[in-house]
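Listed below are the residues making up each chain.
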Amino acid sequence: MAGRGKLIAVIGDEDTVTGFLLGGIGELNKNRHPNFLVVEKDTTINEIEDTFRQFLHRDDIGIILINQYIAEMVRHALDAHQHSIPAVLEIPSKEHPYDAAKDSILRRARGMFTAEDLR
């Protein structure tokens, strides 16, 4: 991938993924695997977790966006990810607002700084 940027991957509900696809993020890698997963009512937690782990191991992905309510379903997998790339960002969905208290990445970042650092 020298000379090219990395992709954004999305794991989310239909509205979220469709919005990002309309924005132009949809790609297939050389093995014809997409960089997105639409989570529906019948999508299993194993499918979500497997897709998340696949995205973590792809060298063409730099950022993984995941709806926060879906991240809650696979929180153990998100918490186990310790590398900065790909960055994992939890985002709200139309039906589920963002809750900073549930965001493990934000909690980790807060732990890196003291109140003195932010003044």
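In what follows, the structure referred to is the one given above.
Residues numbered from 1 in each chain as written. Predicted model: local features only at pLDDT ≥ 70, side-chain atom pairs only at ≥ 80, totals over all residues. Heavy atoms only, no water.

> Tell me about the overall build of the protein chain, residues and numbers included.
Within the protein chain, the regular secondary structure consists of five helices and four strands. Within the protein chain, the fraction of its 119 residues that count as buried is 36%. For the protein chain, contacts bridging at least 24 residues in sequence account for 66% of all contacts bridging at least 6. Just so you have it, the protein chain exposes about 7600 Å², and 55% of that area is on carbon and sulfur atoms. (Helix = DSSP H or I, 4+ residues; strand = E, 2+ residues; numbered from the N terminus. Buried < 20%, exposed > 50% of the residue type's maximum accessible area, 1.4 Å probe, protein only. Contact = heavy atoms within 4.5 Å. Areas by Shrake-Rupley, 256 points an atom, 1.4 Å probe, with all protein chains shown as cover.)

> Outline the pairing of strand β1 (residues 7-12), listing residues and values.
Counting buried positions along β1 yields five of six residues, so the element is predominantly enclosed. Sheet analysis places β1 next to strand β3 (residues 61-67), joined by five bridges and oriented parallel. Note on β3: the bridge partner recorded for I11 is I66. (Pairing = 2+ DSSP bridges.)

> Describe the nonpolar core, listing the residues and the values that go with them.
Judged by nonpolar contacts, the single largest core of 18 residues is most densely connected at I11, I48, F52, I64, I66, L78 and V88. When sequence neighbours within four positions are dropped, the list of residues in contact with I64 reads A9, I11, F52, F55, L56, P86, A87, V88 and L89. Formed by five residues, the second largest nonpolar core is a distinct cluster that contains V10, V17, I25 and L65. (Core = buried A, V, L, I, M, F, W, Y, C linked by side-chain atoms within 4.5 Å.)

> Residue-level account of unusual backbone geometry, with values.
Residue I85 is joined to P86 through a cis peptide bond whose omega torsion reads 0°. Relative to the assigned elements, P86 resides in the loop between α4 (75-80) and β4 (87-91). Of note in this structure, R32 is not a glycine but carries a positive phi near 65°. Relative to the helices and strands, R32 resides in the loop between α1 (14-22) and β2 (36-38).

> Summarise the side chain of H81; cite the residues concerned and give the values.
Of note, H81 is situated in the loop between α4 and β4. We classify H81 as buried; its relative accessible area is 7%. A distance of 3.1 Å separates the side chain of H81 from the backbone oxygen of H83, its partner in a polar contact. (Polar contact = N/O pair within 3.5 Å; in protein donor to acceptor, adjacent residues only side chain to side chain.)

> Can you lay out the pattern of salt bridges for me, pointing to particular residues and giving the numbers?
Within the structure shown, the criterion is met by five salt bridges. In this structure, K94 engages D15 in a salt bridge whose closest nitrogen and oxygen atoms are separated by 3.1 Å. Of the two residues, K94 is situated in the loop between β4 and α5 (104-111) and D15 in helix α1; the sequence distance between them amounts to 79 residues. On the basis of relative accessible area, K94 is assigned to the exposed category, the value being 63%. Through salt bridges that share partners, E72, R75 and E90 make up one connected network. (Salt bridge = Lys/Arg side-chain N within 4 Å of Asp/Glu carboxyl O.)

> So what's going on with the environment of G62? Which residues, and what values?
Take G62: it is sitting in strand β3. Along the sequence, G62 and S84 sit 22 residues apart, while their C-alpha atoms lie 9.0 Å from each other. Look past the residues within four positions of G62 in its chain and what remains in contact with it is K6, L7, I85, P86 and A87.

No statement about biological role is implied by the geometric values presented.
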